[in-house]
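# Residue-level structure breakdown
What follows is each chain in one-letter form.
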Amino acid sequence: MSPLQPLSPAGTLGDGELKELSLVRKLVLLCIFCLAQFLDAFNGSALYSALPALESSLGMTESQSTWIISALQLTFASFLLISGRVSDVYNPKVVFIGGLSGIGVISLGAGFVNSKIPMIICRALTGIASSMTIPSALTLIVNAFPDSLQQARAIGLFGGCGGVACIFGLLFGAMLVEWASYHWVFWFAAIVALPVATACVFIIPPQIAKTTDRLEPGASKWKNLDLVGVSILTVALILFIFAVTSGSTDGWASAMVLVPLVISISMVIAFFYWETLLPVDRAAIPPRTWFYNNFSVLFAVGLLPFFWWSALFLIFVNLWQNIFHWSVISSAIHLFPIGVIAFAASFNGPLSRTFSPKWIILTGLSLCMVATVLVAIGGGKPGDYWPYVFPAFVMGTVGLMMAYIQATIAIFRAAPASMAGTVGAIFNCALQCGSAVGLSFITSIETSVEASRGGPQEYTGRAAVFWFLLGIVALEFISVSYFYDRSTDHKPQPTHGDLVCPVQDSPQSGKQLDDGIPVP
């Protein structure tokens, strides 16, 4: 029986070099990478609690304050691809340390900002720095954990930290705003990021930072970055997210929305055409990527988790503070169960050893649909928390963590390991774009319904948002049911030259090792 094939990029690391890393060293590295993921999510969620304070301090309207959140999401999602490509072609250690250092320096400066335009600029720059840490961290994880079972657990834990940080960031941000000031939300990020970035210089070993060896003789690495392609897609994503985010404030029929929207769609089409003209090794996202088994449907699953959580945060934080007049701390405490449940549910990765990821993801989406119905029919009164909102938090979070973790693990197994950084960028782009685009839609829905159904004092507009969200979750459920190919779960991971997962000539396809671990 042949051994498990490592998921590290082909030609990147030798088995002997990997054995030099002790289990303790690997766990320390994993903690560092998870801390970076935690910090990125913290930067996005902690300011939800600080928005009312920021509006008052910086003289912003409620619609303007959404840009404090959207600016980071816009640049984070837009620069993920180029960061992932640089991580795959150059040194992921340098990219990771650079991103973490950037978060620290920018956050330190943002803590001293007292006007809205510089604050939005700082948030946008933080998004760029954050985009450098995720793809590079995933590349380093794949290299540090070549064993398939260890790698699945490591990637699952890494992904789970993002969901957990969204909740704990909200609570910790509320504590800082309540007992200190919103400035400390930024300074906390700097206090964590800068020392960790310095330590990474010495802790991350060089052998896991080596990149793939598949460059043509004499070719310069910069030529393999596909600068034209990633530049086109980066600008397209910036314009697209800007357009849909502006729709809720400027109106969907305004030139401010339609012009960048049309340009962005045209640029996306141009990007995919450009990618067809390049050799596979030179393309940032070879067109065949979307045809790897289950890759596209797993990408679609990635659009949902952060969108669902962000919708709940935005609606209930505003409802509880502005309508029920709860304190910042009280609102955060009522959201705290999501963090506890998310942490407990983040360890569901090993379930894929027994069940197909398809059934786990569908189970998770089913729980999410039930949860969404609960908050759609109840939640508009303080007394609705325990009978409706709390059970929805529990079921929805468990369901989303099941779908999120399993999709994260499965999408890395669907594509070649040499694309680890790019795959990480694509999947995290789905997470961020789903949240940014989804929030703009639900803001418009809520505003439109409230304008004719009693205003923000009524729950009607918020209920309409949740019914819309239920439709999105149901659509995801149908997509996974129909498009996810369960027969490919135990097949070998494709190489960079394969169009789909290689199944022929594989005597072990569909079999399992003696301990029940599926053959990749």
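For the structure itself, consult the block above.
Residues numbered from 1 in each chain as written. Predicted model: local features only at pLDDT ≥ 70, side-chain atom pairs only at ≥ 80, totals over all residues. Heavy atoms only, no water.

The next thing to look at is the overall build of the protein. Each helix and strand counted, the protein has 17 helices and zero strands in total. Counting all 520 residues of the protein, 58% fall into the buried class. Accessible area for the protein stands at about 19,800 Å²; split by element, carbon and sulfur atoms hold 69% of it. (Helix = DSSP H or I, 4+ residues; strand = E, 2+ residues; numbered from the N terminus. Buried < 20%, exposed > 50% of the residue type's maximum accessible area, 1.4 Å probe, protein only. Areas by Shrake-Rupley, 256 points an atom, 1.4 Å probe, with all protein chains shown as cover.)

The subject of this paragraph is the pattern of salt bridges. A full pass over the atoms with the stated rule returns two salt bridges. With a shortest N-O distance of 3.7 Å, Glu-446 and Arg-462 are connected by a salt bridge. Residue Glu-446 is located in helix H16 (residues 420–452), and its partner Arg-462 is located in helix H17 (residues 460–483); the two are separated by 16 residues in the primary sequence. (Salt bridge = Lys/Arg side-chain N within 4 Å of Asp/Glu carboxyl O.)

Here the focus is H17. Helix length check: H17 (24 residues) gives 35 Å between terminal C-alpha atoms against 34 Å at 1.5 Å per residue, within 8%. Where H17 is concerned, the buried positions are Gly-461, Arg-462, Ala-463, Val-465, Phe-466, Leu-469, Leu-470, Val-473, Glu-476, Ser-479 and Val-480. Contact partners of the buried residues in H17: helix H11 (295–301), helix H12 (305–323), helix H14 (357–377) and H16. (Expected span 1.5 Å × (residues − 1). Contact = heavy atoms within 4.5 Å.)

Quick look at empty space enclosed by the protein now. Remark: the empty space left among the atoms is shown by a probe the size of a water molecule rolled over them. As enumerated under the stated definition, the model contains eight cavities of 30 Å³ or more in all. Taken as a whole, the second largest cavity encloses approximately 270 Å³ of empty space. Lining of the second largest cavity is provided by 21 residues; of these, Ala-41, Gly-44, Cys-166, Phe-306 and Gln-432 occupy positions nearest its centre. The biggest single contributor to the lining of the second largest cavity is helix H2 (residues 23–58), with six residues. Counted by class, the lining of the second largest cavity contains nine nonpolar, 10 polar and two charged residues. (1 Å grid on protein atoms, 1.4 Å probe; cavity = no way out; pocket = protein on both sides within 12 Å on 5 of 7 lines; lining within 4 Å. Points joined across faces, edges and corners; volume = space filled by probe spheres on them. Nonpolar A, V, L, I, M, F, W, Y, C, P; charged D, E, K, R; others polar.)

Turning our eyes to something else, we now look at the packing of aromatic side chains. Under the defined criterion, the tally for this structure stands at 26 aromatic pairs. For the pair Trp-386 and Phe-390, a centre-to-centre distance of 4.9 Å together with 50° between the ring planes defines the contact as tilted. Of this pair, Trp-386 and Phe-390 are both found in helix H15 (residues 385–414), four residues apart, which corresponds to roughly one turn of the helix. Judged by centre distance (4.8 Å) and plane angle (90°), the rings of Tyr-482 and Phe-483 are edge-to-face. In terms of burial, Tyr-482 and Phe-483 fall into one category: exposed. (Phe/Tyr/Trp six-rings, centres within 6.5 Å; stacked < 30°, edge-to-face > 60°.)

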